[in-house]
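Structural features, examined
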Amino acid sequence: MKNILHVEVLLQTEKAIEIPELEKAVRLELKNIEPIVPESMHTTFVTEGLSDFVKCIQICEIENVHDIEDVEPMMIEAGVDSLDLDTYLIKIYFYKLDDSGLVDDTTTDESTCKMRRCILPNVDFSGIWESLVFQEPVKEILLHYAQTGMNFARHNVNTNIISYNRLILLHGPPGTGKTSICKALAQKLSIRLGKQYNFFEFIEINSHNLLSKYFSESGSLVMSMFQQIKSVLEYGDSLVFILIDEVESLTRARDAVLSGTEPSDSIRVVNAVLTQLDNLRKYPNVIFLTTSNVTEAIDTAFTDRADIKMLINPPQEMAIYTILKAAIEELIKVKLIINVEEHDKFDRLPDINAEQKEILNTTQKLHQISKESVGLSGRVLKKITFIAHSIFIRQPQCDGVHQFLAALHKAVKYQKAQDAGLTKIK
């Protein structure tokens, strides 16, 4: 059985075309792309007329590759620059982006927004999946879990025999990308499952508004909101993703309430959430995505309902290198870093076994900066190149990669000093 190469094709929104004919054209185009490598995007085409209907072709991941840790170094060492498409089963997914974005749902009360909604795939979520970098296979595990959950639901697997709630709980320190993963996963599934549902909807629950404005009525507000969600799920040809960020706000441990450390209204809120989650299990077209910074505050009855509980740690050395490399390459692409020579380009990953030279090349310098950046959150790392440019370059354009790397090194030290100062204040 051949390994699977996933390919996603973004269509022009204003054009209509028969997909079978378009798929033939895309497969022809794939043969003309050189090099063709995973995690790459192509926006210019040689196949006649393809650009009239296609915005971009994205070569995604390879599925079912055995011993993937060994495969990638072998490809690099052997000098293989492009995949041999004949050795893969190619799966192509066509999609269009909705440009409406997340909008407040105030259908019941104009004074408080309990949730935001949007249609998927959505332009606001475009590119998030690709921008998230982890050293562990976080994205792959979540994608396969969600696809399996929906497959079980479509086949009406008896949940009394095999328990699955289609509920994901991501936990970990702030700034590690938990909310972004949830949004990116919903977007990715709306693309991959496009043939199985007529439309996809994303609902983001504002747990703080449910509690802060009408705290004494929180339980009834939760019930009312879930009733509204239930009406959306009645359309069986849709797949609905429900994000509850900082879920501990709605599911505080009831033993803390009984001991007097939490307000008694929290019991009604927790009971309402658990009851509604159980009620919505019967709908096969819903996935719950939840995040928490403090899992010890969550009621165990909720955590027990989660099919998968995944700790999202701050990025480590190699993930940081990939994040910073992508950011610098973006600045080069938009010409905010100029006078870049061919030998200034970064390796895909640094060779940690390479002999250290007295004069480091760009890859080695960035790797050194990445090691010194361990401890910074993913959120900070995404903005550290901006800090480097604004504080240590102070010019519209940076003259060369080496100058920018020097500024980036200073920015990392600056940010760590700032974080240390905030820790002392606390």
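In this report, we go over the structure that sits alongside the text. (Residues numbered from 1 in each chain as written. Predicted model: local features only at pLDDT ≥ 70, side-chain atom pairs only at ≥ 80, totals over all residues. Heavy atoms only, no water.)

1. Examining the sheet that holds strand 9 (residues 238-244)
On the basis of which strands lie adjacent, the open sheet formed by seven strands has the order 5-6-8-9-10-7-11 and mixed pairing. The two strands at the open ends of the sheet, each matched to only one other strand, are strand 5 (103-105) and strand 11 (308-311). Put simply, the sheet's adjacent strands are angled 25° from each other on average, direction ignored. Sheet topology places strand 9 next to strand 10 (residues 286-292); five bridges connect them, and they run parallel. (Pairing = 2+ DSSP bridges. Helix = DSSP H or I, 4+ residues; strand = E, 2+ residues; numbered from the N terminus. Axes fitted to C-alpha atoms, helices over the stretch in contact; angles between N-to-C directions.)

2. Side note on the sheet that holds strand 4 (residues 88-95)
Pairing in this open sheet of four strands is mixed, and the strands run 2-3-1-4 from one edge to the other. Strands at the two margins of the open sheet, each flanked by one partner only, are strand 2 (40-42) and strand 4. Strand-to-strand twist in this sheet, taken as the mean axis angle between neighbours without regard to direction, amounts to 20°. Alignment of strand 1 (residues 3-11) against strand 4, held across eight bridges, turns out to be parallel. Looking across to strand 4, one finds that Val-7 is bridged to Ile-92.

3. Notes on the side chain of Ser-370
In this structure, Ser-370 sits in helix 12 (residues 362-373). With sequence-adjacent residues up to four places away left out, Ser-370 is seen in contact with Glu-317, Ile-320, Tyr-321 and Leu-324. (Contact = heavy atoms within 4.5 Å.)

4. As for the pairing of strand 8 (residues 199-205)
Where burial is concerned, most of strand 8 is hidden: six out of the seven residues are buried. Where strand 6 (residues 115-120) meets strand 8, six bridges bridge the pair, whose relative direction is antiparallel. Paired with Met-115 across the strands is Ile-205, a residue of strand 8. As paired elements, strand 8 and strand 9 share seven bridges and run parallel to each other. Paired with Glu-204 across the two strands is Leu-243, which belongs to strand 9. (Buried < 20%, exposed > 50% of the residue type's maximum accessible area, 1.4 Å probe, protein only.)

5. Side note on the pairing of strand 6
Taken together, the three bridges between strand 5 and strand 6 define a ladder with antiparallel strand orientation. Across the sheet, Asp-104 pairs through a bridge with Arg-116, a residue of strand 6.

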